[in-house]
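Examining the three-dimensional arrangement
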Amino acid sequence: MTDTILVLTEDTLAAVDVEHILSLHPDETLAYRVLVPADTERNVVSAIIDHLSVGELKEAWDEVLGKEPSHAQATATAQERLDVSVAELRAAGREAEGAVTEDDPLPALRAAVAAGDVREIAIVTYPHAVEDTFHQDWASRAREELHVPVLHLYSGTSELG
C-alpha cells in the first residue's frame with residue numbers, strides 16, 4: 001500500500017507549490033490526493049481584512065460589492081482548480097487524484113485520514129489575517145483534530161503558515 005500525502009488547497013496549485021510539496025519527500029514513492037473546497041460561504045469581513053492586510057485595495061472593494069457564488073458556480077470553479085492541480089502533480093511524475101469538497105473541508109480530511117493511508121497533510125492557502133491569527137485556519141483546525149503532521153504553505157511562496 002502506498003502512503004498518501006493529502007493536499008488541501010483553496011486555489012489551483014501553482015508549479016512552485018507543487019515543487020515545494022514534492023521536495024518534502026524527494027526520494028519516496030507517494031500518492032497525492034488533492035482536495036479543493038467549493039467555497040460558497042465566504043466571510044466577507046475576513047476577506048476584506050485579508051485583502052487590506054496585503055495592500056489589495058481593489059480586491060477589498062470588489063469583496064464589498066461582490067456576492068457569494070451559487071453552489072453550481074463554486075463547484076465548477078473548484079473542479080477546474082482540482083483538474084489543473086492534479087495535472088500538475090501528474091506532470092511531475094506523481095500518482096495523483098482528487099475531489100471537490102464542501103465549504104468546510106474538515107469532514108473530508110477527517111474521512112481521508114480515517115481511511116488509514118494518509119501520512120501527512122499539506123495545506124496550501126493564501127494568508128488569511130483573521131483566521132491565521134486566531135488559529136481558526138484549516139491547518140490549525142486539522143492539527144487539533146486529526147493528529148497527523150500538517151504543513152501549511154502560503155500559495156505561490158515558500159513561506160510557512
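Scroll up to find the structure.
A brief look at the structure comes next.

Rules used throughout
Residues numbered from 1 in each chain as written. Predicted model: local features only at pLDDT ≥ 70, side-chain atom pairs only at ≥ 80, totals over all residues. Heavy atoms only, no water. Salt bridge = Lys/Arg side-chain N within 4 Å of Asp/Glu carboxyl O. Helix = DSSP H or I, 4+ residues; strand = E, 2+ residues; numbered from the N terminus. Buried < 20%, exposed > 50% of the residue type's maximum accessible area, 1.4 Å probe, protein only. Axes fitted to C-alpha atoms, helices over the stretch in contact; angles between N-to-C directions. Parallel < 35°, antiparallel > 145°, perpendicular 65-115°, else oblique. Left-handed = near helix turned anticlockwise from the far one by under 90°. Contact = heavy atoms within 4.5 Å. Nonpolar A, V, L, I, M, F, W, Y, C, P; charged D, E, K, R; others polar. Pairing = 2+ DSSP bridges.

In total, this model carries six salt bridges according to the counting rule given. Salt-bridge contacts for Arg33 lead to Glu97; the nearest nitrogen and oxygen are separated by 3.1 Å. With Arg33 in strand E2 (residues 31-37) and Glu97 in strand E3 (residues 95-101), this pair connects stretches of sequence that are 64 residues apart. Using a relative accessible area of 25% as the deciding quantity, one classes Arg33 as partly exposed. For the salt bridge of Arg141 with Asp104, the shortest nitrogen-to-oxygen distance reads 3.0 Å.

At a minimum axis distance of 11 Å, the contact between helix H5 (residues 106-114) and helix H7 (residues 138-146) shows a crossing angle of 40°. Here H5 lies oblique to H7, going by the angle between them. Crossing of H5 over H7 shows right-handed handedness. Within the contact between the two elements, H5 uses Leu106, Leu109, Arg110 and Val113 and H7 uses Trp138, Arg141, Ala142, Glu145 and Leu146. Split into classes, the residues belonging to the contact of H5 with H7 amount to six nonpolar, no polar and three charged.

Quick look at the pairing of strand E1 (residues 4-9) now. Successive residues of a regular strand alternate their side chains across the two faces of the sheet. Across the six residues that make up E1, a large majority, six, are buried. Residues Thr4, Leu6 and Leu8 line one face of E1 and the alternating positions Ile5, Val7 and Thr9 line the opposite face, and both faces are buried. One ladder, built from five bridges, connects E1 with E2; its direction is parallel. Note on E2: the bridge partner recorded for Thr4 is Ala31.

A few words on unusual backbone geometry. Positive phi values are uncommon outside glycine, yet His147 reaches one of about 55°. Mapped onto the elements of the fold, His147 is located in the loop between H7 and strand E5 (150-154).

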